[in-house]
Amino acid sequence: PHLAVALHACDTASDDALAQAVRARSLLIACAPCCHAQLARRWSELPDRLVQLHPLRTIHTVPHLRSETAAHVTDAMRVALLRAAGYRVAASEFVAPEHTPKNRLLLAGRLRAGVPATRAAQEEGLAEYVALKSATGGAGIALEGLLGSVGIRT
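Residues numbered from 1 in each chain as written. Predicted model: local features only at pLDDT ≥ 70, side-chain atom pairs only at ≥ 80, totals over all residues. Heavy atoms only, no water.

Student: Go over the overall build of the protein chain, please, and point to the residues and values.
Tutor: Across its full length, the protein chain holds seven helices and four strands. Its C-alpha radius of gyration of 16 Å places the protein chain within 12% of the 15 Å reference for a compact globule of 154 residues. Taken across its 154 residues, the protein chain has 42% of its residues classed as buried. Long-range pairs, those at least 24 residues apart, make up 71% of the contacts in the protein chain with a sequence separation of at least 6. Accessible surface, the protein chain as shown: approximately 8,200 Å² in total, 58% of it carbon and sulfur. One finds the centroid of the 17 positive side-chain charges in the protein chain at a distance of 6 Å from the centroid of its 13 negative side-chain charges. (Helix = DSSP H or I, 4+ residues; strand = E, 2+ residues; numbered from the N terminus. Rg over C-alpha atoms; globule rule 2.2 N^0.38 Å. Buried < 20%, exposed > 50% of the residue type's maximum accessible area, 1.4 Å probe, protein only. Contact = heavy atoms within 4.5 Å. Areas by Shrake-Rupley, 256 points an atom, 1.4 Å probe, with all protein chains shown as cover. Lys, Arg positive; Asp, Glu negative; His and termini not counted. Charge placed at Lys NZ, Arg CZ, Asp CG, Glu CD.)

Take a look at the structure:
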């Protein structure tokens, strides 16, 4: 398809939609993610010995901060993984924030395959994802596993 759209796909349904769009080699992807629970849940399950020593300990242990931060980090991870899959990606607000707190739009356009700059951008996207995952406690998102079928390995 030329365009894949996912509007307020809850939690990992956004990852499912993004992975399906990448597998279909969609030229354009527009995704408005919603309900970012997976990463917050994974952070809450980190071993106490890791959390107590981690620089993000306060975020990992305070539920509201964990939930809010995980939503932003989840979308940052999605951006990095889409870059690793060969897309140029932008994240923005798409309606006035007073209308909805779930207001992020991820827009992705597929880069031309076989171009050296595309390969470099893909490697950079993967490195960004790995670094972000490591820096925030080692927990990843569903999209990481779903993109394994198209050769994205972390």
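Student: So what's going on with the pairing of strand β1 (residues 3-10)? Residues and values would help.
Tutor: Examined bridge by bridge, β1 and strand β2 (residues 28-34) share seven bridges and lie parallel to one another. Its bridge partner lying in β2, Ala-4 is registered against Ile-29. Read as a crossover between parallel neighbours, the route from β1 over helix α1 (residues 12-23) to β2 is right-handed. (Pairing = 2+ DSSP bridges. Right-handed = clockwise from strand over helix to strand, strands pointing away.)

Student: Quick one: what's the story with the pairing of β2, residue by residue and with numbers?
Tutor: Counting buried positions over the seven residues of β2 gives six, a clear majority of the element. Where β2 meets strand β4 (residues 104-110), four bridges bridge the pair, whose relative direction is antiparallel. Its bridge partner being in β4, Ala-30 is matched across the sheet by Leu-107.

Student: An account of the nonpolar core is requested, with residue identities and associated values reported.
Tutor: Ranked by internal contacts, the top residues of the largest apolar core, which has 33 residues, are Ile-29, Leu-39, Leu-82 and Tyr-87. Every element with two or more residues in this core is listed here: β1, α1, β2, α2 (37-44), α5 (63-84), β3 (87-93) and β4. For this core, the element with the highest residue contribution is α5, accounting for eight residues. (Core = buried A, V, L, I, M, F, W, Y, C linked by side-chain atoms within 4.5 Å.)

Student: Any chance you could break down the sheet that holds β3 for me, citing the residues and the numbers?
Tutor: With mixed pairing, four strands are arranged side by side in an open sheet as β1-β2-β4-β3. If you trace the sheet from one side to the other, it starts and ends with β1 and β3, each paired once. Taken over all neighbouring pairs, the strand axes of this sheet differ in orientation by 15° on average, direction set aside. (Axes fitted to C-alpha atoms, helices over the stretch in contact; angles between N-to-C directions.)

Student: Run through the environment of Leu-50, naming residues and quoting values.
Tutor: Relative to the helices and strands, Leu-50 resides in helix α3 (residues 48-53). The class of Leu-50 is partly exposed, set by a relative accessible area of 34%. Along the sequence, Leu-50 and Gly-138 sit 88 residues apart, while their C-alpha atoms lie 10.0 Å from each other.

Student: Kindly report on unusual backbone geometry, identifying the contributing residues and their values.
Tutor: Phi is positive for His-8, close to 50°, though the residue is something other than glycine. If you trace the backbone, His-8 turns up in strand β1. The class of His-8 is partly exposed, set by a relative accessible area of 29%. The phi angle at Asp-11 is positive, at roughly 50°, despite the residue not being glycine. Overall, Asp-11 belongs to the buried group, its relative accessible area being 16%.

Student: For the layout of surface pockets, give the residues involved together with the corresponding values.
Tutor: Computed from the structure, the largest pocket encloses a volume of approximately 370 Å³. Taken together, 20 residues line the largest pocket, and the ones lying closest to its centre are Ala-84, Ala-85, Gly-86, Gln-122 and Ile-152. Sort the elements by how many residues they give to the lining of the largest pocket and helix α6 (residues 116-135) lands first, with five residues. Here the lining of the largest pocket is built from residues that sort into 10 nonpolar, five polar and five charged. Looking at the second largest pocket, its volume works out to about 310 Å³. Put simply, the parts of the chain that give the lining of the second largest pocket at least two residues each are α5 and β3. If you tally residues by element for the lining of the second largest pocket, the top one is α5, at five residues. (1 Å grid on protein atoms, 1.4 Å probe; cavity = no way out; pocket = protein on both sides within 12 Å on 5 of 7 lines; lining within 4 Å. Points joined across faces, edges and corners; volume = space filled by probe spheres on them. Nonpolar A, V, L, I, M, F, W, Y, C, P; charged D, E, K, R; others polar.)

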